[in-house]
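Listed below, chain by chain, are the residues.
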Amino acid sequence: MIQINLLPHHLRPVKRTPLPYLLSIAVLGGAVAWMALTYLGARDEIRAAEAALDERRSELAALQVYVDQANELAAEKQALAHKIGIIEEIVSGRMLWSRVLHDLSRLAPDNFWYSGISVETQQYRERRTERDPETGATETRDITLRRPILRVQGYVADSPGSPTGVSPLMQAAESDPDFSSRFQLEPPSLRPAEFEGQNVTSFTLEFLIEGGLNND
């Protein structure tokens, strides 16, 4: 049977092809597949980076003991350098320590005897006024210095015909031109003590070494 469509052309139903829908589905599927592959690749890279990071952390943890040893050695090196500096100043300096010991023996009265003589370093606070070269303004501030001292320890006993107390040794040290030109007496430390059943005075005298350890 023959059918004839008598409707005008603009009123006739349009026959639609499924090709655009198929293309859209194909493009969407490709995009999803590309995103899935990108995600899997990024996940693998993250896992590889995390594994490498864990490996580096393990290596650092294994090396930490060497880092601690190096820090300890650096601290010991600094302390030794300070001690070596003092020793080198004493050895290479012009201070005649044999003469210093002779002077201490010469200046001490008969009722004095020494229990220890040493060279130490001690901190001193000093106020300095400095000028700023750019502004010309002056600034006063306190600084801490480490200076060498001669520490003399010993005992003094009261005996008939001999002066009492530590004052005779202090006066002799301050009035002796040669000794006082190299050593400045600091306030003494005194305390009562007993030595072989006899009441004595234990003393510690500290002399600031003028000009450091390189005195003539």
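Quick notes on the rules
Residues numbered from 1 in each chain as written. Predicted model: local features only at pLDDT ≥ 70, side-chain atom pairs only at ≥ 80, totals over all residues. Heavy atoms only, no water. Helix = DSSP H or I, 4+ residues; strand = E, 2+ residues; numbered from the N terminus. Buried < 20%, exposed > 50% of the residue type's maximum accessible area, 1.4 Å probe, protein only. Contact = heavy atoms within 4.5 Å. Areas by Shrake-Rupley, 256 points an atom, 1.4 Å probe, with all protein chains shown as cover. Salt bridge = Lys/Arg side-chain N within 4 Å of Asp/Glu carboxyl O. Core = buried A, V, L, I, M, F, W, Y, C linked by side-chain atoms within 4.5 Å. Arc of directions from axis to C-beta. pLDDT = per-residue confidence, 0-100. Pairing = 2+ DSSP bridges.

Student: Just checking my understanding: could you explain the overall build of the protein chain for this structure?
Tutor: Across its full length, the protein chain carries four helices and five strands. Burial analysis of the protein chain (216 residues in total) assigns 21% to the buried set. When contacts within the protein chain are restricted to residue pairs at least 6 apart in sequence, those whose partners lie at least 24 apart make up 68%. Surface accessibility of the protein chain: about 16,400 Å² in total, with carbon and sulfur atoms responsible for 56%.

Student: Please explain the pattern of salt bridges as it appears in this structure.
Tutor: Opposite charge on two side chains lets them pair, provided their charged atoms get close. Across all of its chains, the model carries seven salt bridges by this definition. Linking Glu 55 and Arg 56 is a salt bridge whose minimum nitrogen-to-oxygen distance equals 3.9 Å. On the accessibility criterion, Glu 55 (45% relative accessible area) is partly exposed. In the salt-bridge network here, residues are joined through shared partners; they are Asp 103, Arg 106, Asp 176, Asp 178 and Arg 182.

Student: Just checking my understanding: could you explain the nonpolar core for this structure?
Tutor: Within the largest apolar cluster, 21 residues are counted, with the highest numbers of intra-cluster contacts made by Leu 150, Phe 179, Phe 203, Leu 205 and Phe 207. Of all the secondary-structure elements, those providing two or more residues to this core are α2 (97–107), β2 (138–157), α3 (167–175), β3 (183–185) and β5 (198–209). Not counting residues within four places of it along the chain, the set of residues in contact with Phe 203 comprises Phe 112, Trp 113, Tyr 114, Val 152, Gln 153, Gly 154, Tyr 155, Val 156, Val 166, Leu 169, Ser 189 and Leu 190.

Student: Looking at this model, I keep getting lost on α2. Mind explaining?
Tutor: Note: α-helices contain 3.6 residues per turn, so residues at a spacing of three or four share the same orientation. Taken as a whole, α2 has its buried residues at Trp 97, Val 100, Asp 103, Leu 104 and Leu 107. The arc that holds every buried residue of α2, seen down its axis, measures 110°, which confines them to one face.

Student: Would you mind going over the confidence of the model for the protein chain with me for this structure?
Tutor: Should pLDDT be low for a region, the predicted coordinates there are not to be read in detail. Per-residue confidence for the protein chain gives a mean pLDDT of 79, with 81% of residues at or over 70. Least confident of the elements in the protein chain is helix α1 (residues 19–92), whose mean pLDDT is 78; most confident is β3, at 91.

Student: Can you help me understand the side chain of Asp 176 in this one?
Tutor: Within the element layout of this structure, Asp 176 appears in the loop between α3 and α4 (177–180). Classification of Asp 176 as buried rests on a relative accessible area of 13%. Those residues in contact with Asp 176 that lie beyond four places of it in its chain are Arg 106 and Leu 107.

Student: It is not clear to me how the side chain of Ser 202 should be interpreted in this structure. Could you clarify?
Tutor: As for its placement among the helices and strands, Ser 202 is situated in strand β5. Setting aside its immediate chain neighbours within four residues, Ser 202 contacts Gly 154, Tyr 155, Ser 189, Leu 190, Arg 191 and Ala 193.

Student: What is the right way to read the pairing of strand β1 (residues 112–131) from this model?
Tutor: Regular strands place their side chains on alternate faces of the sheet. Bridge count between β1 and β2: 19 bridges; the pairing is antiparallel. Residue pairing across strands places Arg 131 opposite Thr 138, the latter belonging to β2. Adjacent in sequence and paired antiparallel, β1 and β2 are bridged by six residues, among which Gly 136 carries a positive phi angle near 80°.

Student: Looking at this model, I keep getting lost on the environment of Arg 127. Mind explaining?
Tutor: The topology assignment puts Arg 127 in strand β1. Excluding anything up to four places from it in sequence, Arg 127 contacts Thr 140, Arg 141 and Asp 142.

Student: Where do I start with the environment of Pro 148 in this structure?
Tutor: When you line up the elements, Pro 148 lands in strand β2. Judged by relative accessible area, which is 15%, Pro 148 ranks as buried. Along the sequence, Pro 148 and Phe 207 sit 59 residues apart, while their C-alpha atoms lie 8.8 Å from each other.

Student: Before we go on, may I ask you to explain the pairing of β2 in this structure?
Tutor: Direction of pairing for β2 relative to β5: antiparallel, over a ladder of nine bridges. In the sheet register, Val 156 faces β5, and the bridge partner there is Thr 201.

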